[in-house]
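# Coordinates in review
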Amino acid sequence: SLSVAATRDLAGRHVVVSAGGTREPIDPVRFIGNRSSGRQGVALAAAAAARGARVTLVAANVDDSVLRDLPAANRAEGPGAAESADGVAVVHVGSTAELADAVHAAATTADVVVMAAAVADFRPENTPDAKIKKVPGRPPEPIRLVENPDILAGLARERRHAGQVVVGFAAETGDAAGDVLQHGREKARRKGADLLVVNAVGRDRGFGAASNEVTVLDGAGEVVTRAAGSKRVVADAVWDAVLKTRP
Ligand code: CTP
Ligand code: CA
């Protein structure tokens, strides 16, 4: 709501938000990626800045058209970007390893870390320096994948200082093993984060294409709050929940 957005209840806090989707190189010209636009992470960064926070946005392959949703006057670019009050410093990354490095570096001073990025679970074991060439009639060797570290679980294990709140996101669909909430509860308990924002993908509540519907769980898998509406409305609901959380 307007009254919430006008409240500078994150003043004096440093928040780190990861957004977008990581890309794992196969060779110099190809990658394994995902379809995350980064819009929810950018909405989280913009909402936090509006509430007075100093924000570091670690943007994994987020399109410039999406970054335009940030408060323009204070937008700063690059790893060495100055972080002014109300500002959003954007650190651009590509792979999961780069995202992990940038998030861990920013997390040393962060009061809150929100992992809204879609992180590749696996990466190619080897990435040749030269482009894989097509040999007609002879398909290349299968690409062997290795598991990436779980950045969120690592952040939750190794808190940089007492009181740091760690938040994850999970897009879930129901399947034979359980519904959206059951999968969310199980993931919340497994990750060790203080909050897990569970997004029921594929459901439409009639708010339009930009809308979102989430259930926020605590680390025990209990429902903290629910929110539906624009990505900005969801973002403000997440910050409300963060402010009520004691890690
Ligand atoms: N995440 C992470 N590092 C990874 C994988 C995921 O930090 N290597 C984070 C995401 O940024 C998100 C949360 O973990 O905040 C949940 O991601 P998700 O893909 O839903 O969880 P997984 O444990 O990878 O489970 P699965 O993909 O099997 O559903
Ligand atoms: Ca995953």
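Owing to the predicted nature of the structure, the values given are computational and were not obtained by experimental measurement. (Residues numbered from 1 in each chain as written. Chains lettered and ligands numbered in written order. Predicted model: local features only at pLDDT ≥ 70, side-chain atom pairs only at ≥ 80, totals over all residues. Heavy atoms only, no water.)

## Topic: the nonpolar core
Ranked by internal contacts, the top residues of the largest apolar core, which has 38 residues, are Leu 57, Val 167 and Trp 239. Excluding its chain neighbours within four sequence positions, the residues that come into contact with Trp 239 are Leu 10, Val 15, Val 17, Leu 44, Ala 47, Ala 48, Arg 51, Val 112 and Val 114. Counting residues in each nonpolar core, the second largest holds 21 residues, with Val 16, Leu 99, Leu 155 and Ala 193 among its members. (Core = buried A, V, L, I, M, F, W, Y, C linked by side-chain atoms within 4.5 Å. Buried < 20%, exposed > 50% of the residue type's maximum accessible area, 1.4 Å probe, protein only. Contact = heavy atoms within 4.5 Å.)

## Description of the environment of Arg 160
You can see Arg 160 is positioned in the loop between helix H5 (151–157) and strand E10 (165–172). When its relative accessible area of 35% is taken as the criterion, Arg 160 is described as partly exposed. Along the sequence, Arg 160 and Gly 229 sit 69 residues apart, while their C-alpha atoms lie 33 Å from each other. Residues contacting Arg 160, with those up to four places away along its chain left out, are His 104, Ala 107 and Thr 108. (Helix = DSSP H or I, 4+ residues; strand = E, 2+ residues; numbered from the N terminus.)

## Some points on the layout of surface pockets
The space that makes up the second largest pocket amounts to roughly 280 Å³. Taken together, Ile 26, Arg 30, Pro 124, Glu 125, Asn 126, Pro 128, Ile 132, Pro 140, Glu 141, Pro 142, Ile 143 and Arg 144 make up the full set of residues lining the second largest pocket. Its residues assigned to classes, the lining of the second largest pocket comprises 7 nonpolar, 1 polar and 4 charged. (1 Å grid on protein atoms, 1.4 Å probe; cavity = no way out; pocket = protein on both sides within 12 Å on 5 of 7 lines; lining within 4 Å. Points joined across faces, edges and corners; volume = space filled by probe spheres on them. Nonpolar A, V, L, I, M, F, W, Y, C, P; charged D, E, K, R; others polar.)

## Let's talk about the pairing of strand E4 (residues 54–60)
The element E4 is extensively covered by neighbouring structure, given that 6 of its 7 residues are classed as buried. Across 7 bridges, strand E1 (residues 14–20) lies against E4 in parallel orientation. The residue of E4 that forms the bridge with Val 16 is Thr 56. Sheet analysis places E4 next to strand E6 (residues 88–93), joined by 6 bridges and oriented parallel. Within the sheet, the bridge partner assigned to Thr 56 lies in E6 and is Ala 89. (Pairing = 2+ DSSP bridges.)

## Some points on the UniProt feature "binding site: CTP" (unreviewed entry) in the protein
Those places that UniProt annotates as "binding site: CTP" (unreviewed entry) correspond, in this numbering, to Asp 121, Lys 131, Pro 149, Asp 150, Ile 151, Leu 152, Phe 169, Lys 187 and Lys 191. These annotated residues cover 71 residues of sequence, and their C-alpha atoms reach 37.8 Å apart at the extreme, placing them across more than a single site. Reaching out from Asp 150, the side chain makes a polar contact with the backbone nitrogen of Ala 153 at a distance of 3.0 Å. Mapped onto the fold, Phe 169 is located in strand E10. Among all residues touching Phe 169, those that are not within four sequence positions of it are Gln 40, Leu 44, Val 114, Met 115, Ala 116, Leu 196, Val 197 and Val 238. (UniProt positions renumbered as here; feature names shortened; annotations may be inferred. Polar contact = N/O pair within 3.5 Å; in protein donor to acceptor, adjacent residues only side chain to side chain.)

## Topic: a nonpolar patch on the surface
Together, Phe 122, Ile 143 and Leu 145 line one region of the surface with nonpolar side chains, adding up to about 270 Å² of accessible area. With respect to the secondary-structure elements, Phe 122 resides in strand E8 (residues 122–124). Look at Phe 122 and you get partly exposed, because its relative accessible area is 41%. (Patch = residues over 30% accessible without salt bridge, like charges linked within 9 Å, V, L, I, M, F, W, Y side chains within 5 Å. Areas by Shrake-Rupley, 256 points an atom, 1.4 Å probe, with all protein chains shown as cover. Salt bridge = Lys/Arg side-chain N within 4 Å of Asp/Glu carboxyl O.)

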